[in-house]
Amino acid sequence: MTSSNTPGLTRFNALADGEATPVLHEVCASATWGKTVLAGRPYATGEALLAASDAATARLTAADLADAMAGHPPIGRPKPGDPTSSREQRGMASASDELKTEMLELNLAYQERFGHVFLICATGATGEQMRDAVKSRIGNAPEQEQEIVRTELGKINRIRLTRLVTETLAEDAPAQDS
């Protein structure tokens, strides 16, 4: 992200709190995270927004992390009609049926062990990399896994916020003549 104030960041800073809250909820389902990031507006740069996100993520309690994870579908099963989860989990889209079945079984085993979905920053990862990650993490102690989840959540939040403030949104784009 550049250090300049992008049109998307300007738009985000200008949103009323009631409009910004659902936008932030799409980035991270933790209400605590959203309130913390919202309270820091206006952000002078994209980097300042990302730093605020990182700080908010670092301070999330176990309950806040659970709220955040509740907004993420299991790997291999993106939310129907949700372009964000489909884009982020693209690496599973071309996976073999065997890998998809194995991932479903691993997701269920992980969820049974830890009580929440397996969370990984899946952007750019292959199905095999995601499978290998869940296999390597399923034996972690709960405290260790919680910190890994926090790190992965931070990565996801950064990607989503960067996308939010750098992409030209429909309202930001100039009207085009037919």
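Keep in mind it's a predicted model, so treat the numbers as computed, not measured.

Turning next to the overall build of the chain. Within the chain, the regular secondary structure consists of 10 helices and zero strands. In the chain, the succession of α and β elements from N to C terminus is α-α-α-α-α-α-α-α-α-α. The buried share of the chain, reckoned over its 178 residues, is 42%. Excluding contacts between residues fewer than 6 apart, the proportion of contacts in the chain whose partners are at least 24 apart in sequence is 71%.

Applying the stated criterion across every chain, the model contains two aromatic pairs. Between Tyr110 and Phe114 the ring centres are 4.7 Å apart and the planes differ by 45 degrees, which places this aromatic pair in the tilted class. Of this pair, Tyr110 and Phe114 are both found in helix H8 (residues 97-114), four residues apart, which corresponds to roughly one turn of the helix. Classification of Tyr110 by relative accessible area gives buried; the value is 0%. Accessibility expressed as a relative area gives 14% for Phe114, which makes it buried. Note on Tyr110 and Phe118: the rings are 5.1 Å apart at their centroids and 75 degrees apart in plane angle, and the pair reads as edge-to-face. Across the pair, exposure class does not vary: Tyr110 and Phe118 are buried alike. Among the aromatic residues, ring-to-ring pairing joins Tyr110, Phe114 and Phe118 into one connected group. Stacked on the ring of Phe12, the Lys or Arg Arg41 has its end atom at 5.4 Å from the ring centre.

Of the positions making up helix H2 (residues 17-27), those classed as buried are Ala20, Leu24 and Val27. Taken around the axis of H2, the buried residues stretch over an arc of 40 degrees, which confines them to a single face. In H2, the exposed positions angled more than 90 degrees off the buried face are occupied by Gly18 and Glu26. Where H2 is buried, its residues meet helix H1 (7-14), helix H3 (31-39) and helix H10 (142-166).

Turning next to the pattern of salt bridges. Summed over the entire model, instances satisfying the criterion amount to eight salt bridges. The partner of Lys155 in a salt bridge is Glu152, and the shortest N-O contact between them spans 3.1 Å. Placement of the pair is Lys155 and Glu152 together in helix H10, with a separation of three residues, close to one helical turn. With a relative accessible area of 11%, Glu152 lands in the buried category. Connected through shared salt-bridge partners, Glu102, Arg131, Asp132 and Lys135 make up one network.

Take the environment of Ser30 next. Looking at the element boundaries, Ser30 is found in the loop between H2 and H3. Taking relative accessible area as the criterion, Ser30 reaches 2% and is therefore assigned buried. Taking the C-alpha atoms as reference, Ser30 lies 8.1 Å from Met69; in sequence the two are 39 residues apart. In contact with Ser30, other than residues within four places in its own chain, are Leu60, Asp64, Asp67 and Ala68.

Let's shift gears to empty space enclosed by the protein. A complete count under the given rule lists one cavity of 30 Å³ or more for this structure. Considering only enclosed or pocket space, the largest cavity measures out at about 100 Å³ in volume. If you go around the largest cavity, you meet 13 residues; those closest to its centre are His72, Ile75, Glu88, Gln89 and Ile120. Secondary-structure elements contributing two or more residues to the lining of the largest cavity are helix H6 (83-88) and H10. Residue composition of the lining of the largest cavity, by class: eight nonpolar, three polar and two charged.

Conventions adopted
- Residues numbered from 1 in each chain as written.
- Predicted model: local features only at pLDDT ≥ 70, side-chain atom pairs only at ≥ 80, totals over all residues.
- Heavy atoms only, no water.
- Helix = DSSP H or I, 4+ residues; strand = E, 2+ residues; numbered from the N terminus.
- Buried < 20%, exposed > 50% of the residue type's maximum accessible area, 1.4 Å probe, protein only.
- Contact = heavy atoms within 4.5 Å.
- Phe/Tyr/Trp six-rings, centres within 6.5 Å; stacked < 30°, edge-to-face > 60°.
- Lys NZ or Arg CZ within 6 Å of the ring centre and 35° of its normal.
- Arc of directions from axis to C-beta.
- Salt bridge = Lys/Arg side-chain N within 4 Å of Asp/Glu carboxyl O.
- 1 Å grid on protein atoms, 1.4 Å probe; cavity = no way out; pocket = protein on both sides within 12 Å on 5 of 7 lines; lining within 4 Å.
- Points joined across faces, edges and corners; volume = space filled by probe spheres on them.
- Nonpolar A, V, L, I, M, F, W, Y, C, P; charged D, E, K, R; others polar.

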